[in-house]
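Residues per chain are reported as follows:
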Amino acid sequence: NMDAVLQVRDLHRFSAEPKNTVKVADHSWSFEGMDRYKALVADFGLYLEDSERKFDDLERRLSFNVVHAESQSAAHEALVNWVGGDFTREVYHYIESIDAASRGAPADYVPRMQAYTQRHLEEFFLKAPWMHRAKFKPFGYPGDYEVMRFFYERPFEGVSLFAKALNYATIRCRTPQAVCRRKDMVKRELKQLIESRGESDQPLPILSVASGPAQELFELFSEAEGFEVPVDVVLFDQDKSALTYAYSRLKPIVEKRFSKQVRLRYLHDSIKRLLRDRQIFSELGPFDGIFSCGLYDYLAPTTAVVLTKSLFARLAPAGRLYVGNMVPENSARWAMEHLLDWHLIYRTRPELMAIGRRAAPDATIRLLEEETGINPFIEILRG
């Protein structure tokens, strides 16, 4: 009939189009070799597909309050613990194994590897709220304070049980845990710094550079019984929302518990000015403690040295500067780069130490480790 004739004619016309203008598939995900990488990614996709079906079935059989509890209950806690078992271990295993298999790939393979990963896994991973936010970067960068809040406070979040489980499992992997552990390490160092001053009427000034949600300070002030010395804290960040959130949490607890012992100041300005203006903190210092947890992961070597030199100059005698940086062994690098377009500037421990030595040749410098071994710090002591 006429319809069939027209369809055949259209098919011939489509086939006759120049190959560079009409493609059935562009094969942007195709590359030779790396069979273990491909197999692991494909297997992971199948594992997540099967897991989602099982979680969806379980969610239908559980009460809403057990799955989406806003307050803790024994049943909800049991569910979280169950998710933290085999499923979390499998997710952890796949992420670490795929990362290992991706190492050493030729540079021109990377875009195709990314396309291959996304075809198999993106639809699942973007259901985890923290990964969705990191991927689409509503504030223009992936590791904003809301992503950090998922790591610190909201691991079991999502619109479905599968989303919650994947959010939880990925946060339990080593790299998000490194973010949590570095927070714990900085909190310990600040506590020791305050206690080492002893009883004094002179304020102890502290500066947090790229402070984000200031979780370490929130926990420090929540856990402390009191301070023998007044503490004067300056929080600097280019993200006004992060400072607003930090203010909303810190102000009530300080007013309630330490109104005469702790002073908080918030400085909103750009990272560009931070890097260019060596006098940006001149009216606020000098400081007994300065720390920066995530900023150096985005700084080129020369810029990192210049900023370190500038921050070191703002230290008081015997003051301490803490600078952290992710190392190349980051076992979630594949997931961050291929799934989330989240790229860091990694440094080995010797490279991190070298930044400190170039910035402060005569200072005492030591290496500090958080528990995962992914995010070391240097401590630079001003004599």
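Scroll up to find the structure.
Right, let's walk through the structure included here. Since this is a predicted model, take the numbers as computed values, not measurements.

## Re the sheet that holds strand 4 (residues 287-292)
Alright, step 1. Strand order in the open sheet formed by 7 strands is 3-2-1-4-5-7-6, with mixed pairing between adjacent strands. For this open sheet the edge positions go to strand 3 (262-268) and strand 6 (364-368), each flanked by a neighbour on one side alone. Each strand of the sheet is rotated relative to its neighbour by a mean of 15 degrees, with strand direction disregarded.
Alright, step 2. Sheet analysis places strand 4 next to strand 5 (residues 315-324), joined by 5 bridges and oriented parallel. Directly across from Phe291, in strand 5, lies its bridge partner Tyr322.
Alright, step 3. Against the sheet, helix 11 (residues 215-223) touches strand 2 (231-237), strand 3 and strand 4, its axis set at about 155 degrees to strand 2.

## Points about the packing of helix 7 (residues 129-136) against helix 9 (residues 161-171)
Alright, step 1. Here helix 7 crosses helix 9 at 75 degrees, and the two axes come no closer than 8 Å. Judged by the angle between their axes, helix 7 and helix 9 are roughly perpendicular. From helix 7, Pro129, Trp130 and Met131 reach across to helix 9, where they touch Ala163, Asn167, Thr170 and Ile171.
Alright, step 2. When the residues that make up the contact of helix 7 with helix 9 are grouped by side-chain class, the tally is 5 nonpolar, 2 polar and no charged.

## Considering the pattern of salt bridges
Alright, step 1. The tally for this structure, following the rule as stated, stands at 34 salt bridges.
Alright, step 2. Asp57 is the partner of Arg60 in a salt bridge, and the nearest nitrogen-oxygen pair spans 3.8 Å. Linking Arg60 with Asp57, this pair stays in helix 2 (residues 35-61), spanning 3 residues, or about one helical turn.
Alright, step 3. The exposed category is assigned to Arg60, whose relative accessible area is 63%.
Alright, step 4. Lys183 is paired through a salt bridge with Asp184; the nearest N and O atoms lie 2.7 Å apart.
Alright, step 5. Put simply, Glu146, Arg149, Glu153, Arg154, Glu157 and Arg249 are held in one network by salt bridges that share partners.

## Examining the nonpolar core
Where a protein is soluble and globular, its nonpolar side chains tend to be buried together.
Alright, step 1. In this structure, Tyr37, Phe44, Leu48, Phe87, Trp130 and Trp334 are the most contacted members of the largest nonpolar core, which totals 56 residues.
Alright, step 2. Residues in contact with Phe44, not counting those within four places in the same chain, are Val91, Tyr94, Ile95, Ile98, Leu121, Phe125 and Trp334.

## Quick word on helix 9
Three- or four-residue spacings in an α-helix give side chains the same orientation, since the helix completes a turn every 3.6 residues.
Alright, step 1. Among the 11 residues that make up helix 9, 11 are buried, leaving the element largely enclosed by the rest of the structure.
Alright, step 2. The set of residues buried in helix 9 consists of Leu161, Phe162, Ala163, Lys164, Ala165, Leu166, Asn167, Tyr168, Ala169, Thr170 and Ile171.

## Details of the state of the cysteines
Alright, step 1. This model, assessed by the stated rule, comprises 0 disulfides.
Alright, step 2. We note that Cys173 lacks a disulfide partner, and the nearest cysteine sulfur, in Cys180, lies 12 Å from it.
Alright, step 3. Relative accessible area serves as the criterion here: at 4%, Cys173 is assigned to the buried category.
Alright, step 4. The closest cysteine sulfur to the non-disulfide-bonded Cys293 is located on Cys180, 12 Å from its own sulfur.
Alright, step 5. Residue classification places Cys293 among the buried positions, given a relative accessible area of 11%.

Procedures and definitions
- Residues numbered from 1 in each chain as written.
- Predicted model: local features only at pLDDT ≥ 70, side-chain atom pairs only at ≥ 80, totals over all residues.
- Heavy atoms only, no water.
- Pairing = 2+ DSSP bridges.
- Helix = DSSP H or I, 4+ residues; strand = E, 2+ residues; numbered from the N terminus.
- Axes fitted to C-alpha atoms, helices over the stretch in contact; angles between N-to-C directions.
- Contact = heavy atoms within 4.5 Å.
- Parallel < 35°, antiparallel > 145°, perpendicular 65-115°, else oblique.
- Nonpolar A, V, L, I, M, F, W, Y, C, P; charged D, E, K, R; others polar.
- Salt bridge = Lys/Arg side-chain N within 4 Å of Asp/Glu carboxyl O.
- Buried < 20%, exposed > 50% of the residue type's maximum accessible area, 1.4 Å probe, protein only.
- Core = buried A, V, L, I, M, F, W, Y, C linked by side-chain atoms within 4.5 Å.
- Disulfide = S-S within 2.5 Å.

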